[in-house]
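Structural overview for review
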Amino acid sequence: MTRVPASGQFWWGAATASYQVEGAVDADGRGRSIWDTFCDEPGRIADGLSGADACRSYDRWREDVQLLDGLGANAYRFSIAWPRVQPQGHGRVNPPGLAYYDRLVDGLLEHGIAPFATLYHWDLPQPLEDAGGWMARDTAERFAEYAAVVADALGDRVACWGTLNEPFVHMALGYAFGTHAPGEVLLLDAFAAGHHQLLGHGLAAQALRAGSPGTPVMLVNNLTPVRATSTSPEDAEAAHVYDAFHNRMFLDTVLLGTYPDALAEAGDVVHDGDLATISQPLDLLGVNYYNPTLVAAPGADNPLPFELVPIEGYPTTGFGWPVVPEGLTELLVGLRDTYGDALPPVVITENGCAYPDEPGPDGEVDDADRIAYLDAHISAVGAARDAGVDVRGYLAWSLLDNFEWAEGYTQRFGLTHVDFATGDRRPKASYEWFRGRIARGW
Ligand code: PNW
């Protein structure tokens, strides 16, 4: 198979993540991850289920490739499960686990679809969590070793590497608030889990460049335009601090080699030289956008320096998230204005919405609300491009309805409906619409 070049065209496609779609958690020597453990704990997942079966993509990946082909997609963003590659999270490599990604990558290339592989989408090997997880600095070193293994196995064919998916969300929900695995409630002390992820990103980028020269490397961030509830100095300061945690901690570090001032005192876990490692040049920045964030000064009993406030006056998705497409234009233009020449070209690596999506009597899912969401957000990307922002791709979240973390199977993000009792896939109306949108191009 020959590599698909990762430049010179616009990437249209869709995204998934290993634990959300693969299932087959015991197949071929896969080790356990923090999500297997978390889902076993009563009360953690809305429907009490887990990713044990999910979309069964480990066995049915050929159907996923067919769906991408039918869309006219030229890129597919998937993630690699670290516990399949290294069941202990370090040392011994598990060839049958790597072979799954070998098959998937070759299957994509046979259809002219560029494989965009994310190395870490939150499924940390459990033995590494037992040794401290991302709160332990060593995990960053382990991540770089794993990156070298994957680069050696797949680096001749992967079109673009993503190191981490959304280190902010993993830090916040996994380590600060505990609603995601590993379920720790460390509040601001979770900063260390963010810093160690950033260090892991930098070390992994070095390992990928050494093992897979010439393949573009990106970091994938969940970014949000932050708005204050009022112009009062207290609300403005709270918004400034929230923006530092959510966005700038994972941008200033990587693009400028500095921590934002608001986080300067957070740092005895930051060693000399870390920021130089973290600020490896990036080929692309992956941006996941769902909605803006509204922030107020904290109430009296709030231990945090900010308070999140629901955004009123917009329609909401089934998940309750506000639909604010212009927030995506604002975000992209803001990135360009803030970082200037330090901003690499951007790929929208996730954007989408959850709705109940019940099939009608004929089995069709007529998800007009998703079509409206995607149409408006793609137009918002177009507006940013017209304003001069270098956006190189748009990957919808998600190709398939899948295991939506703490929400279990209760939130459906797919262009394709999945019957979770059987694993059967059926394209929704939005899939047909997206096919036409891709065909039209810019
Ligand atoms: C992203 N939040 O997660 C992830 O990358 C996907 O795996 C996930 O399925 C998708 O978005 C939809 O949720 C997020 O609370 C999870 O702000 C939570 C938040 C944002 C993103």
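Since we're looking at a predicted model, the values are computed, not measured. (Residues numbered from 1 in each chain as written. Predicted model: local features only at pLDDT ≥ 70, side-chain atom pairs only at ≥ 80, totals over all residues. Heavy atoms only, no water.)

1. Comments concerning the overall build of the chain
Test applied: Each helix is a run of DSSP H or I of at least 4 residues and each strand a run of E of at least 2, with the numbering of both proceeding from the N terminus. A 1.4 Å probe rolled over the protein chains alone gives each residue an accessible area, and that area as a share of the maximum for its type sets the label: buried under 20%, exposed over 50%, partly exposed in between. Any pair of residues with heavy atoms lying within 4.5 Å of one another is described as a contacting pair. Here, Shrake-Rupley sampling with a 1.4 Å probe gives the accessible areas, and only protein chains in the shown set may cover a residue. This count recognises Lys and Arg as positive and Asp and Glu as negative, with His and chain-terminal groups excluded. Here the site of a charge means NZ on Lys, CZ on Arg, CG on Asp, or CD on Glu.
Looking only at helices and strands, one finds 15 helices and 13 strands in the chain. With 442 residues in all, the chain has 60% of them scored as buried. A separation threshold of at least 6 residues defines the contact pool for the chain, and within that pool the share at least 24 residues apart is 77%. Only carbon and sulfur atoms are counted for the fraction: they give 51% of the accessible area of the chain, which is about 15600 Å². Computing the positive centroid from 28 side-chain charges and the negative centroid from 61, the chain places the two 8 Å apart.

2. Thoughts on unusual backbone geometry
Residue Pro-182 is reached from Ala-181 by a cis peptide bond, and omega for that bond is 5°. Tracing the backbone shows Pro-182 in the loop between helix H8 (167–176) and helix H9 (191–211). Its identity is not glycine, yet Asp-28 carries a phi of approximately 50°, on the positive side. Relative to the helices and strands, Asp-28 resides in the loop between helix H1 (18–21) and helix H2 (34–40).

3. Considerations on the pattern of salt bridges
Defined as follows: One side-chain nitrogen of Lys or Arg within 4 Å of one carboxyl oxygen of Asp or Glu is enough to make a salt bridge.
Considering all chains together, one arrives at 25 salt bridges under this definition. Among the salt bridges present, the one from Arg-60 reaches Glu-63, with a minimum N-O distance of 2.8 Å. Remark: Glu-63 and Arg-60 occur in helix H3 (residues 57–71); sequence separation between them is three residues, near one turn of the helix. One salt-bridge network, in which partners are shared between bridges, spans Asp-357, Asp-367, Arg-370, Asp-401, Arg-412 and Lys-428.

4. Some thoughts on the sheet that holds strand S8 (residues 293–296)
The criterion, for reference: In this analysis, strands are considered paired if DSSP registers two or more bridges between them. A fitted line through C-alpha atoms serves as each axis, taken over the contacting stretch for helices, and the angle formed by two N-to-C directions is quoted from 0 to 180°.
An order of S6-S8-S9 is seen for the three strands of this open sheet, with the pairing classed as mixed. At either margin of the open sheet sits one strand with a lone partner, and together these are strand S6 (226–228) and strand S9 (307–309). With direction set aside, neighbouring strand axes in the sheet form an average angle of 45°. Note: S6 against S8, three bridges, orientation parallel. Bridge pairing links Ala-228 to Val-295 in S8.

5. Topic: the pairing of strand S11 (residues 391–397)
What counts here: Here is how to tell: hold the view so the strands point away, follow the path from the first strand over the helix to the second, and if it runs clockwise the crossover is right-handed.
A large share of S11 lies buried, amounting to six of its seven residues. In terms of strand pairing, strand S10 (residues 346–350) meets S11 through three bridges, oriented parallel. Its bridge partner lying in S11, Ile-348 is registered against Tyr-394. In this region the chain leaves S10, passes through helix H14 (residues 368–386) and returns to the parallel neighbour S11; the handedness of that crossover is right-handed.

6. Some details on the site of the ligand
Let me state the cut-off plainly: Definition of nearness: a residue and a molecule or strand are near each other if at least one heavy atom of the residue lies within 4 Å of the molecule or strand. The term polar contact refers here to a pair of N or O atoms within 3.5 Å; inside protein, the definition further demands a hydrogen-donor-capable atom paired with an acceptor-capable atom, and it admits residues adjacent in sequence only when both atoms are side-chain atoms. Each residue is assigned to one class: nonpolar for Ala, Val, Leu, Ile, Met, Phe, Trp, Tyr, Cys and Pro, charged for Asp, Glu, Lys and Arg, and polar for all the others, Gly among them.
Taken together, 15 residues sit near the ligand, with Gln-20, His-121, Glu-350, Glu-404 and Trp-405 positioned nearest. At a separation of 3.2 Å, an oxygen atom of the ligand approaches a polar side-chain atom of Tyr-290. Between the ligand and Glu-404, the relevant distance is 2.6 Å, taken from an oxygen atom to a side-chain nitrogen or oxygen of the residue. With the chains in place, 85% of the 450 Å² that the ligand exposes on its own is no longer accessible. Residues that form the shell around the ligand fall into these classes: eight nonpolar, four polar and three charged.

7. Some thoughts on the environment of Asp-69
Position of Asp-69 relative to the elements: it lies in helix H3. Residue class for Asp-69 comes out partly exposed when judged on its relative accessible area of 35%. Sequence separation between Asp-69 and Ala-239 is 170 residues, and the spatial gap between their C-alpha atoms is 43 Å. Each residue touching Asp-69, except ones within four places of it in the same chain, is listed here: His-111 and Ile-113.

8. Considering the packing of H14 against helix H15 (residues 429–440)
Using the following cut-off: The cut-offs work like this: below 35 degrees is roughly parallel, past 145 is roughly antiparallel, 65 to 115 is roughly perpendicular, and the gaps in between are oblique. Definitions for this section: a left-handed crossing has its near helix turned counterclockwise from the far helix by less than a right angle. A right-handed crossing has that turn clockwise.
Following both chains from N to C, one finds H14 and H15 inclined at 25°, their axes separated by 9 Å at the closest point. For the element pair H14 / H15, the angle class is roughly parallel. Helix-helix and strand crossings are classified by hand; for H14 and H15 the assignment is right-handed. Counting all contacts with H14, which are made through Arg-370, Ile-371, Leu-374, Asp-375 and Ile-378, the residues of H15 involved are Ala-429, Ser-430, Trp-433, Phe-434 and Arg-437.

9. A look at helix H7 (residues 138–154)
The criterion, for reference: A helix is expected to span 1.5 Å multiplied by its residue count minus one.
In a regular helix each residue adds 1.5 Å, so 17 residues correspond to 24 Å; H7 covers 25 Å between its end C-alpha atoms and thus fits that length. Within the sequence span of H7, burial applies to Thr-139, Ala-140, Phe-143, Ala-144, Tyr-146, Ala-147, Val-149, Val-150, Ala-151 and Leu-154. Where the residues of H7 are buried, they touch helix H4 (82–85), helix H5 (95–110), strand S3 (114–120), strand S4 (160–165) and H9.

10. Let's talk about the packing of aromatic side chains
For clarity, the threshold we go by: Think of it this way: a Phe, Tyr or Trp ring, Trp meaning its six-membered ring, pairs with another when their centres are within 6.5 Å, and the plane angle makes it stacked under 30 degrees, edge-to-face over 60, tilted otherwise. Put simply, a charge is over a ring when the Lys NZ or the Arg CZ is close to the ring centre, within 6 Å, and near the line of the ring normal, within 35 degrees.
Considering all chains together, one arrives at 38 aromatic pairs under this definition. Seen in terms of ring centroids, Trp-134 and Phe-143 are 5.9 Å apart; in terms of plane orientation they differ by 70°. Their pairing is edge-to-face. Accessibility expressed as a relative area gives 0% for Phe-143, which makes it buried. Taking the centre distance of 4.5 Å and the plane angle of 50° together, the rings of Tyr-409 and Phe-420 count as tilted. Of this pair, Tyr-409 sits in the loop between S11 and strand S12 (416–419) while Phe-420 is found in the loop between S12 and strand S13 (424–427), placing the two residues eleven residues apart along the sequence. Phe-420 shares its class with Tyr-409; the two are buried. The ring of Trp-442 is capped by Arg-437, whose NZ or CZ atom sits 5.2 Å from the centre of that ring.

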